[in-house]
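A structural walkthrough
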Amino acid sequence: MRNTGRLLHTIGKKQGQCNICGETGPLTEDHSPPKSCIKPRAVQIRHIVELLSGQGVVEKGRISQNGVKFRTLCHRCNNNLLGLCYDPPLASFTKQVSQLLSSYAALPGIARIQGNPQRIMRAVFGHLAAQGVDRYLKGPETELLRDWFLNESLPLPENIRIYYWLFPHHGSTIFRDAAYLDIPSGRVAVIWLLKFFPISFLMSWEESPQPLFNLPRLSDWGNEVLTKDVELPLSLAEIPHRYWPEAPSETSVITFGQEAMFAVPHIKPSSQ
Ligand SMILES: [Zn+2]
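Residues numbered from 1 in each chain as written. Predicted model: local features only at pLDDT ≥ 70, side-chain atom pairs only at ≥ 80, totals over all residues.

For the rest of this paragraph, the subject is the overall build of the protein. A tally of regular secondary structure across the protein gives four helices and 14 strands. Taking all 272 residues of the protein together, the buried fraction comes to 38%. (Helix = DSSP H or I, 4+ residues; strand = E, 2+ residues; numbered from the N terminus. Buried ≥ 20, exposed ≤ 12 C-beta atoms within 10 Å, placed from the backbone.)

With that settled, the discussion passes to helix α4 (residues 142–150). Buried residues of α4: Leu-145, Arg-146, Trp-148 and Phe-149, and no others. Projected down its long axis, α4 carries its buried residues within an arc of 165°, all on one side. Counted as exposed and oriented over 90 degrees from the buried face of α4: Glu-143 and Asp-147. In this structure, the buried side of α4 is in contact with α2 (75–102) and α3 (117–129). (Arc of directions from axis to C-beta. Contact = placed C-beta atoms within 7 Å.)

Turning to unusual backbone geometry, a few remarks are in order. Outside of glycine, negative phi angles account for most residues, and trans bonds account for most peptide bonds. Put simply, Phe-197 and Pro-198 share a cis peptide bond, and its omega is 5°. Within the secondary structure layout, Pro-198 lies in the loop between β10 (187–196) and β11 (199–205). The omega angle of the peptide bond from Trp-244 to Pro-245 is 0°, so this bond is cis rather than trans. Within the secondary structure, Pro-245 is located in the loop between β12 (230–235) and β13 (252–255). Residues other than glycine seldom take positive phi values, yet Asp-134 does so here, at roughly 60°.

This paragraph deals with the packing of α2 against α3. When two helices pack together, their arrangement is captured by the angle between the axes and the distance separating the axes. With their axes 8 Å apart at the nearest point, α2 and α3 run at an angle of 120° to one another. With respect to each other, α2 and α3 are oriented oblique. Seen along the crossing, α2 lies across α3 with a hand that is left-handed. Residues Cys-77, Leu-82, Cys-85, Tyr-86, Asp-87, Pro-89, Leu-90 and Phe-93 of α2 form the contact with α3, whose own contacting residues are Arg-119, Ile-120, Arg-122, Ala-123 and Gly-126. Residue composition of the contact of α2 with α3, by class: nine nonpolar, one polar and three charged. (Axes fitted to C-alpha atoms, helices over the stretch in contact; angles between N-to-C directions. Parallel < 35°, antiparallel > 145°, perpendicular 65-115°, else oblique. Left-handed = near helix turned anticlockwise from the far one by under 90°. Nonpolar A, V, L, I, M, F, W, Y, C, P; charged D, E, K, R; others polar.)

For α2, with 28 residues, the first-to-last C-alpha span of 36 Å runs short of the 40 Å given by 1.5 Å per residue. By the largest-angle criterion, Leu-82 marks the main kink of α2, which is about 55°. Residues Cys-77, Asn-78, Leu-81, Leu-82, Tyr-86, Asp-87, Pro-89, Leu-90, Phe-93, Thr-94 and Val-97 constitute the buried set of α2. (Expected span 1.5 Å × (residues − 1). Bend = angle between axes of the 7 residues up to and from the residue.)

Inspection of the secondary structure assignment puts Thr-24 in strand β2 (residues 24–26). In sequence terms Thr-24 and Cys-74 are 50 residues apart; their C-alpha atoms lie 8.0 Å from each other. If near-sequence neighbours (up to four positions away) are discounted, Thr-24 is found in contact with Gly-16 and Gln-17.

Attention now goes to the confidence of the model for the protein. On average, residues of the protein carry a pLDDT of 85, and 87% of them reach 70 or more. Under a pLDDT of 50 for its full length, residues 1–6 has, in the predicted model, 13 contacts with residues more than four places off or in other chains. (pLDDT = per-residue confidence, 0-100.)

Spelled out as structure tokens, the structure:
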């Protein structure tokens, strides 16, 4: 197995601390994005900096035959909570968006997608938290996020915003623990990102009451206990650049953790 010189840990020990709840015991494999949203297939896994360097692919990335997986979650968090409770609403949400994009009907500027934001947010957080071996600690919110994930009646920690937008592209990108600097305002946020066709999700730790990004937010429902779906707005006309926010720009700077990664479909070379 080769890598690009940056070691991307996805499969750790069989026993260890769960990245979400912190309990120590047998660990299970989590697919990110979840299997219910996209079919796992062979991918090349590379560090995000390689994607953004503009130098092209220097060397073959690490190949995984079955999508991107992390063995970092306990059975309860992975199978009982993500698999049974939180992934199905995420899968339903992404499926509705895919169907909308593949329909022949004239698309509205803003679509309304049925979804349960509380459960979709927990699914997004869970799959992002799964990234990287032995990474239970997430700063001051570690326990707050753990309790919120485990108990649906608790509110999302108030300094966290979760944005989403249409992502009509191939490939997936996942990272946690990046620092984003908005140059015009001087504001800094820690961001986690999960992108895969057809949706991107961004978790952002922000001190200001004013949201840093002008995008729809699942976290607007962060204080509500929801048993029913709501209508989530999704702009089909105005969407960020394919490589936003990970690519540098004139108005932003981003610093990545060591395991930020992206995955592209792996196409076997022909035999000639
Ligand atoms: Zn757990």
